[in-house]
Amino acid sequence: NYMIKRILIGISIAFVLLSSISILKIDNTKKISAKYTNKFFNSFYKQKNNNIGYIEIKKIQLKEKLYDINSPNNNVNKNVTILKESVLPPKENSIIYIAAHSGTGPTAYFENLNKLELNDEIVIYINNNKFLYQVSKIWNEQKNGYIHIPKSNNINLVLTTCNPKNDKLQLILSCTKKES
């Protein structure tokens, strides 16, 4: 059983390497473009680690995939991230903590999070179930690796990112679940 797994892993790696050769792009300096190889490996990797849903915030034109808490793709340097402290719906007393980068660059998914206001809507789809939330409180805290969330049965979703106007502050939005 162990040997079969090792053989299958070896075949998979060989397949990926051989497949990637046909899509590599060589630029005018005759060097292989990392942009194209990274794009290929990222797409292959994401196919293996399927998303469990997505977050949608129409006001800021955001619609991004969400990955299982234990997935390597559930990483703030790659995607919008569900923090490990989350209890996903439909479990009772669920609360989802989601973080993403702001600022600039390809992983600055929450670059416009500061444009949200009280009562704006956020939709979370998890395992083909739709959950609708409404922003109920917005505040900033000193950035120290922790955020303080008041204990409340009304908080069901927390979004957080660095404050785009002050990198020493953490922007936090707490949201209440609405009936969809």
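Predicted model only: the values in this text are computed from it and were never measured.

### Observations concerning the nonpolar core
- Ile 55, Ile 98, Ile 122, Ile 124 and Leu 159 are the most contacted members of the largest nonpolar core, which has 28 residues in total.
- Listing elements by their share of this core, those giving two or more residues are β1 (51-57), β2 (62-67), β4 (96-99), β5 (121-126), β6 (129-142), β7 (157-162) and β8 (169-178).
- What Ile 124 contacts, discounting residues up to four positions off in sequence, is Tyr 54, Ile 55, Leu 66, Ile 96, Ile 98, Asn 129, Lys 130, Phe 131, Tyr 133 and Leu 157.
- Tyr 97, Ile 155, Val 158 and Ile 172 belong to the second-largest nonpolar core, a separate cluster that totals six residues.

### A look at the confidence of the model for the protein chain
- Averaged over all residues, the pLDDT of the protein chain equals 82, while 75% of them reach at least 70.
- In the predicted structure, residues 17-47 sits below a pLDDT of 50 and forms 23 contacts with residues beyond four places in sequence or in another chain.

### Considering a nonpolar patch on the surface
- A surface patch of nonpolar side chains, about 400 Å² in accessible area, is lined by Ile 4, Ile 7, Leu 8 and Ile 11.
- By the element assignment, Ile 7 lies in helix α1 (residues 2-21).
- On the basis of relative accessibility, which here comes to 47%, the residue Ile 7 falls in the partly exposed class.

### What to know about the packing of aromatic side chains
- Here the structure, examined in full by the defined rule, presents one aromatic pair.
- Stacked on the ring of Trp 139, the Lys or Arg Lys 137 has its end atom at 4.9 Å from the ring centre.

### Considering the pairing of β2
- With six bridges connecting them, β1 and β2 associate as antiparallel partners. Pairing of Asn 51 across the sheet is with Tyr 67, part of β2.
- With antiparallel pairing between neighbouring strands as the criterion, β1 and β2 make up a hairpin whose turn holds four residues, including Gln 61 at a positive phi of roughly 50°.

Definitions and cut-offs
- The written sequence of each chain sets the order in which its residues are numbered from 1.
- Selection of residues for local features in this predicted model requires a pLDDT of at least 70, selection of side-chain atom pairs for listing and counting requires 80 or more, and totals for whole chains, interfaces and linings are taken over all residues.
- By convention in this description, side-chain values take in all heavy atoms of the structure and omit both hydrogens and water.
- Remark: nonpolar core denotes a set of buried residues (Ala, Val, Leu, Ile, Met, Phe, Trp, Tyr, Cys) joined through side-chain atoms within 4.5 Å.
- Whether a residue is buried, partly exposed or exposed follows from its accessible area with a 1.4 Å probe, protein chains only, as a fraction of its type maximum: under 20%, in between, or over 50%, in that order.
- Numbering of helices and strands starts at the N terminus; helices are DSSP runs of H or I of at least 4 residues and strands are runs of E of at least 2.
- Pairs of residues are marked as contacts when any of their non-hydrogen atoms sit within 4.5 Å.
- As a per-residue measure, pLDDT reflects the predictor's confidence and takes values from 0 up to 100.
- Like charges are joined within 9 Å and nonpolar side chains (Val, Leu, Ile, Met, Phe, Trp, Tyr) within 5 Å, but only among residues with over 30% relative accessible area and no salt bridge; these make up the patches.
- Each accessible area value is a Shrake-Rupley result obtained with a 1.4 Å probe; residue values ignore everything except the protein chains displayed when judging cover.
- By definition here, a salt bridge exists when the distance from a side-chain nitrogen of Lys or Arg to a carboxyl oxygen of Asp or Glu is within 4 Å.
- Pairing of aromatic rings covers Phe, Tyr and Trp, the last counted by its six-membered ring, and requires centre-to-centre distances within 6.5 Å; plane angles under 30 degrees mean stacked, over 60 mean edge-to-face, and any other angle means tilted.
- Any Lys NZ or Arg CZ found within 6 Å of a ring centre and within 35 degrees of that ring's normal is scored as a charge over the ring.
- Paired strands are those between which DSSP finds at least two bridges.

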